[in-house]
Amino acid sequence: MQKIWVVKMKENDSFLTKEVLLKNLPESIYYRANRYLDTESSLSYVTGRLLLKKVLIENEISTTLLEKIHYSEHGKPSFTDYNFSLSHSNWYVVLIFGTKISVGIDIEKKKDIDLNLFKYLFTDTEWKSIMEAENSLERFYWFWVRKEALLKAAGCALKDLKQLEINEHYGIFKEKRYYFKTFDFDPEFNGIVATEEKMEIQVNHIQIEDLLEV
């Protein structure tokens, strides 16, 4: 059983500021957090690192690893001996951690968008499926979270999105298969994990205040 941790940040909270959240994190994270231009992205990054710290402690792993995160050429983060994946959307942050195999996680809030702006990221077959669906927006998000999760698991770049073959329960990149597992945490969101092996998952909700205690 693989755990997924879910945190919902508090929008417009005058107490839980970025500065407050950063107090229990290494200084190097402070500088990276300040690279983000918008408040939500910056807070999501910091919350994700606090969540990662809490999970390291729960697994009796040294938190010094927070300063030893490796990034691939396409920005995929990992530790030397542990894989993890983070995603955030509309004030939620989710984490899957501890797998020895490659893993990717993605969440997206289902909201109205101009689908045509994203057409170039899909194959002709995928786009036809989206356009012919009874609910094209729902079908778009069905594909999108799988593509994002698979992209993270495979460690590829956005330019490779059209090379990702998306099926109901698995995806393929360069002839390698990754398995999809959906998870529910909010009816307004889609959530999915892509892994090299089939696995069961358990969703754990954590209050953001709990992250200040680690």
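Residues numbered from 1 in each chain as written. Predicted model: local features only at pLDDT ≥ 70, side-chain atom pairs only at ≥ 80, totals over all residues. Heavy atoms only, no water.

Lay out the overall build of the protein chain in plain terms, naming residues and giving numbers.
The helix and strand tally for the protein chain stands at five helices and eleven strands. The C-alpha atoms of the protein chain give 17 Å as radius of gyration, which agrees with the globular expectation for 214 residues (17 Å, within 12%). Burial analysis of the protein chain (214 residues in total) assigns 51% to the buried set. Here the analysis covers contacts within the protein chain between residues at least 6 apart in sequence; of these, 55% occur between residues at least 24 apart. For the protein chain, the accessible surface area stands at approximately 11500 Å², while carbon and sulfur atoms represent 45% of it. Counting 29 positive and 34 negative side-chain charges, the protein chain places the averaged centre of each group 3 Å from the other. (Helix = DSSP H or I, 4+ residues; strand = E, 2+ residues; numbered from the N terminus. Rg over C-alpha atoms; globule rule 2.2 N^0.38 Å. Buried < 20%, exposed > 50% of the residue type's maximum accessible area, 1.4 Å probe, protein only. Contact = heavy atoms within 4.5 Å. Areas by Shrake-Rupley, 256 points an atom, 1.4 Å probe, with all protein chains shown as cover. Lys, Arg positive; Asp, Glu negative; His and termini not counted. Charge placed at Lys NZ, Arg CZ, Asp CG, Glu CD.)

So, the environment of Phe97: which residues are in play, and what are the values?
With respect to the helices and strands, the residue Phe97 is situated in strand β5 (residues 92-99). With 37 residues separating them along the chain, Phe97 and Glu134 place their C-alpha atoms 36 Å apart. Among all residues touching Phe97, those that are not within four sequence positions of it are Gln2, Lys3, Trp5, Leu52, Val55, Leu56, Asn59, Ile61, Phe79, Tyr82, Asn83 and Phe84.

Report on the nonpolar core, specifying residues and quantitative values.
With 31 residues, the main nonpolar core has Val46, Leu52, Phe79, Phe84, Leu95 and Phe97 as its most contacted residues. Put simply, the parts of the chain that give this core at least two residues each are β1 (2-8), α1 (18-22), α2 (27-33), α3 (39-58), β4 (83-89) and β5. With sequence-adjacent residues up to four places away left out, Leu95 is seen in contact with Lys3, Ile4, Trp5, Leu51, Leu52, Val55, Phe84, Ser85, Leu86 and Ile105. Within the second largest apolar cluster, 25 residues are counted, among which are Trp127, Phe140, Tyr141 and Leu151. (Core = buried A, V, L, I, M, F, W, Y, C linked by side-chain atoms within 4.5 Å.)

Go over the packing of aromatic side chains with me, naming the residues and quoting the values.
Enumeration according to the criterion identifies 18 aromatic pairs in this entry. Both rings, one in Phe79 and one in Phe97, keep their centres 6.4 Å apart while their planes meet at 75 degrees; by these two values the pair is edge-to-face. Linking Phe79 in the loop between β3 (77-78) and β4 with Phe97 in strand β5, this pair joins segments that are 18 residues apart in sequence. Judged by relative accessible area, which is 3%, Phe79 ranks as buried. Note on Phe97: relative accessible area 4%, which makes it buried. Look at Phe122 and Trp144: their rings are 6.2 Å apart centre to centre, the planes differ by 45 degrees, and that puts the pair in the tilted class. Here Trp144 lies in helix α5 (residues 136-154) and Phe122 lies in the loop between β6 (103-109) and α4 (124-132), a separation of 22 residues in the sequence. (Phe/Tyr/Trp six-rings, centres within 6.5 Å; stacked < 30°, edge-to-face > 60°.)

Talk me through α5; I want residue IDs and the actual numbers.
Taking 1.5 Å per residue as the helical rise, α5 with its 19 residues ought to reach 27 Å, and the 27 Å between its terminal C-alpha atoms agrees with that figure. Summarising burial for α5: 16 of the 19 residues are buried, a large majority. One side-chain oxygen of the residue at the start of α5 lies 3.2 Å from the amide nitrogen of Leu137, identifying that residue as Asn135. Two residues or fewer past α5, Gly155 is found with a positive phi of approximately 70 degrees. (Expected span 1.5 Å × (residues − 1). Polar contact = N/O pair within 3.5 Å; in protein donor to acceptor, adjacent residues only side chain to side chain.)

Could you give me a rundown of the sheet that holds β4, with the residues and numbers involved?
Whenever strands of a sheet pair, they do so through backbone hydrogen bonds, lying parallel or antiparallel. Within the open sheet, the four strands sit side by side as β4-β5-β1-β11. Their pairing is mixed. The open sheet has two edge strands with one neighbour each: β4 and β11 (201-206). Each adjacent strand pair in this sheet contributes to an overall mean axis angle of 20 degrees, direction not counted. Sheet topology places β4 next to β5; seven bridges connect them, and they run antiparallel. Residue pairing for β5: Ser85 is matched across the bridge by Ile96. Running at roughly 35 degrees to β5, α3 makes contact with β1, β4, β5 and β11 of the sheet. (Pairing = 2+ DSSP bridges. Axes fitted to C-alpha atoms, helices over the stretch in contact; angles between N-to-C directions.)

Could you give an account of the side chain of Ser41, with specific residues and numbers?
Counting through the fold element by element, Ser41 comes out in helix α3. Apart from residues lying up to four places away in sequence, Ser41 is in contact with Tyr36 and His88.

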